[in-house]
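For reference, the chains in residue letters:
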Amino acid sequence: MTVLLLIGTAKGLFLARRDRVGDAWQLSVPQFPMTGVYAVGVDSRRATPRLLAAVDSSHFGPSVATSDDLGVCWREPDHAPLAFPQDTDTALGRVWALQPGPAAEPDVVWAGTQPSALFRSTNGGLTYELVRSLWEHPHRTEWGEGFGGQAIHTVLPHPTDPSRILVAMSTGGVYRTTDGGETWHPSNSGIKVTFMPDPFPEFGQCVHKVARDGEDPERLYLQNHHGVYRSDDDGQTWSSIADSLPSDFGFAMVAHPRRGGTAWNFPITADALRFPVENKCRVFRTTDAGKTWTPQSYGLPTAPFYPSVLRDAMCVDDNDPVGVYFGSRTGEVFASADEGDSWALVAAHLPDVLCVRAVRI
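What counts and how
- Residues numbered from 1 in each chain as written.
- Predicted model: local features only at pLDDT ≥ 70, side-chain atom pairs only at ≥ 80, totals over all residues.
- Heavy atoms only, no water.
- Core = buried A, V, L, I, M, F, W, Y, C linked by side-chain atoms within 4.5 Å.
- Buried < 20%, exposed > 50% of the residue type's maximum accessible area, 1.4 Å probe, protein only.
- Contact = heavy atoms within 4.5 Å.
- Phe/Tyr/Trp six-rings, centres within 6.5 Å; stacked < 30°, edge-to-face > 60°.
- Helix = DSSP H or I, 4+ residues; strand = E, 2+ residues; numbered from the N terminus.
- Lys NZ or Arg CZ within 6 Å of the ring centre and 35° of its normal.
- Pairing = 2+ DSSP bridges.
- Axes fitted to C-alpha atoms, helices over the stretch in contact; angles between N-to-C directions.
- Patch = residues over 30% accessible without salt bridge, like charges linked within 9 Å, V, L, I, M, F, W, Y side chains within 5 Å.
- Areas by Shrake-Rupley, 256 points an atom, 1.4 Å probe, with all protein chains shown as cover.
- Salt bridge = Lys/Arg side-chain N within 4 Å of Asp/Glu carboxyl O.
- Polar contact = N/O pair within 3.5 Å; in protein donor to acceptor, adjacent residues only side chain to side chain.

**Q** Help me out: how do you make sense of the nonpolar core in this one?
**A** In a soluble, globular protein the nonpolar side chains are often hidden away together inside. In terms of nonpolar packing, the biggest core is built from 41 residues, with Leu5, Ile7, Phe266 and Phe326 touching the most fellow members. Aside from chain neighbours lying at most four places away, what touches Ile7 is Gly12, Leu13, Phe14, Ala16, Leu27, Val333, Leu350, Val353, Cys355 and Val356. Residues Ala54, Val109, Ala111 and Phe119 belong to the second largest nonpolar core, which totals 16 residues.

Laid out in structure tokens, this is it:
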């Protein structure tokens, strides 16, 4: 089955295609060259998946482009499809997340931005409107800024209940709505903050990424700024699952699209030492919802490996077995066609890999 891999980098978007397991990957020339692509999305609710790319031009500024022919042509609107209303007196820094809504809302696409805000599209991602209820939340003025900037980077609509949506930001933590976005509440119970006097504040956590379990939608996996957690109640409370990991710091977290309890993580040594643990290129997988984690490195570089993997630079597809993919800050992209048991190089010498997404076509 053909897989299309979208690779967003600091200097453009690359498309890698493989028709069968074992075939060589065919890599495109850069699209949007010399433009940062900080988020990519795939809307598979359509007969032909719609691709979405958050592009950030140093000259024209940030925007969202879409393609309905798998990246052959892109629609780039003359007017910004996503912008803060004039009365907010705020300029868009960049788009950090593009997330299609659930099947029950076939035209809804969510976007998380810098500064931390949530936008909603009702026409498949062509134009967006600010979700004012979150923007006007009384906590917003106290949300901080992580090393990579202040941003909502995770948007997780509930797959069967459109009224429930979870967002995560750096910094600020997790916020949830159960009424379709009318109201929002911090949801960080159990998540520790290592850089504040109060280690368990109501909000202010520097969450790096959240993934939803593929079988149980109430179960979530979270990578924090030092801390790895699981929630079994849709994010209301969190408990640590970091004990068998070599480090509790990292950025990426992805879950199996169908099998419950299975997720992948790429540990980094520490916030002050952002190299892979022991300078080894290893992905860690859990199949028991975080009780234990097992390293996976067969086929990955064996020499000292220093690049880190960013929060959106890891993804899975929906093949059987599931494919797992990640890219590094030094431009390598790796793929596994057997759920991480073995790995192969997709591409090397690319610009800094910021995000990856895979779609079966």
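Resuming the write-up.
**Q** Honestly, the packing of aromatic side chains in this entry has me stumped. Any pointers?
**A** Each aromatic ring pair is characterised by the separation of its centres together with the angle its planes make. Evaluation of the coordinates by the stated rule reveals 11 aromatic pairs. Between the aromatic rings of Phe84 and Trp135, the centroid separation amounts to 5.0 Å while the plane-to-plane angle is 50°, which identifies the pairing as tilted. Placement of the pair is Phe84 in the loop between strand E6 (61–67) and strand E7 (94–100) and Trp135 in helix H1 (residues 132–135), with a sequence separation of 51 residues. By relative accessible area, Trp135 is classed as buried at 8%. Members of the aromatic cluster, each reached through a chain of ring pairs, are Phe266, Phe326, Phe334 and Trp343. We note Arg140 situated over the ring of Trp135; from NZ or CZ to the ring centre the distance is 3.7 Å. Stacked on the ring of Phe147, the Lys or Arg Arg274 has its end atom at 5.2 Å from the ring centre.

**Q** I keep staring at the sheet that holds E6 and nothing clicks. Help me out?
**A** Where strands meet in a sheet, backbone hydrogen bonds hold them as pairs that are either parallel or antiparallel. Spatial ordering of the open sheet is given by E4-E5-E6, a layout of three strands whose pairing is antiparallel. For this open sheet the edge positions go to strand E4 (36–43) and E6, each flanked by a neighbour on one side alone. This sheet shows a mean twist of 15° between the axes of neighbouring strands, independent of strand direction.

**Q** Would you mind showing me how to read a nonpolar patch on the surface here?
**A** A cluster of nonpolar side chains, namely Leu273, Phe275 and Tyr306, defines an oily patch on the protein surface of about 280 Å² accessible area. Here Leu273 is to be found in strand E21 (residues 273–276).

**Q** What should I look at first to understand the environment of Val155 in this one?
**A** Relative to the helices and strands, Val155 is located in strand E11 (residues 151–157). For the pair Val155 and Trp110, spaced 45 residues apart in the sequence, the C-alpha separation amounts to 7.1 Å. With residues up to four places along the chain from it excluded, the contact list for Val155 reads Ala97, Gln99, Trp110, Gly112, Leu118, Ile165, Leu166 and Val167.

**Q** Help me understand the pairing of strand E25 (residues 324–327), please; the structure alone is not making it clear to me.
**A** Here is the key point about a regular strand: its side chains alternate between the two faces of the sheet. Both faces of E25 are covered, namely the face carrying Val324 and Phe326 and the face carrying Tyr325 and Gly327. Pairing geometry for strand E24 (residues 314–316) and E25, over three bridges, is antiparallel. Bridged to Cys315 within E25 is Tyr325.

**Q** Can you walk me through the sheet that holds strand E18 (residues 239–240) in this structure?
**A** A sheet is described by the order of its strands in space; here four strands give the open sequence E15-E16-E17-E18, paired in antiparallel fashion. Looking at which strands have only one partner, the edges of the open sheet turn out to be strand E15 (207–212) and E18.

**Q** I would appreciate a short explanation of the pattern of salt bridges in the present structure.
**A** A side chain with one charge may pair with a side chain of the opposite charge, provided their charged atoms come close. Counted according to the given criterion, the structure contains 24 salt bridges. Salt-bridge contacts for Glu105 lead to Arg120; the nearest nitrogen and oxygen are separated by 3.9 Å. Here the residue Glu105 occupies a position in the loop between E7 and strand E8 (109–114), and Arg120 occupies one in strand E9 (residues 117–121), the gap between them amounting to 15 residues. One network of salt bridges, in which partners are shared, links Asp161, Arg164, Arg176, Arg212, Glu218 and Asp234.

**Q** Is there a simple way to think about the side chain of His256 in this case?
**A** Counting through the fold element by element, His256 comes out in the loop between strand E19 (249–255) and strand E20 (263–270). Among the polar contacts listed, one links the side chain of His256 to the backbone nitrogen of Arg258, at a separation of 3.0 Å. Here the side chain of His256 touches Arg259 through a polar contact of 2.9 Å, landing on its backbone nitrogen. Not counting residues within four places of it along the chain, the set of residues in contact with His256 comprises Asp213, Gly214, Thr262, Trp264, Val322 and Glu339.

**Q** How should I be thinking about unusual backbone geometry in this particular structure?
**A** Of note, the bond from Gln114 into Pro115 is cis; its omega dihedral lies within 30 degrees of zero at 0°. With respect to the helices and strands, the residue Pro115 is situated in the loop between E8 and E9. Here Ser170 and Thr171 are connected by a cis peptide whose omega angle stands at -10°. Checked against the element boundaries, Thr171 lands in the loop between strand E12 (165–170) and strand E13 (173–177). One non-glycine residue with positive phi stands out, namely Leu70, at about 60°. In this fold, Leu70 is placed in the loop between E6 and E7. Since its relative accessible area comes to 23%, Leu70 is described here as partly exposed.

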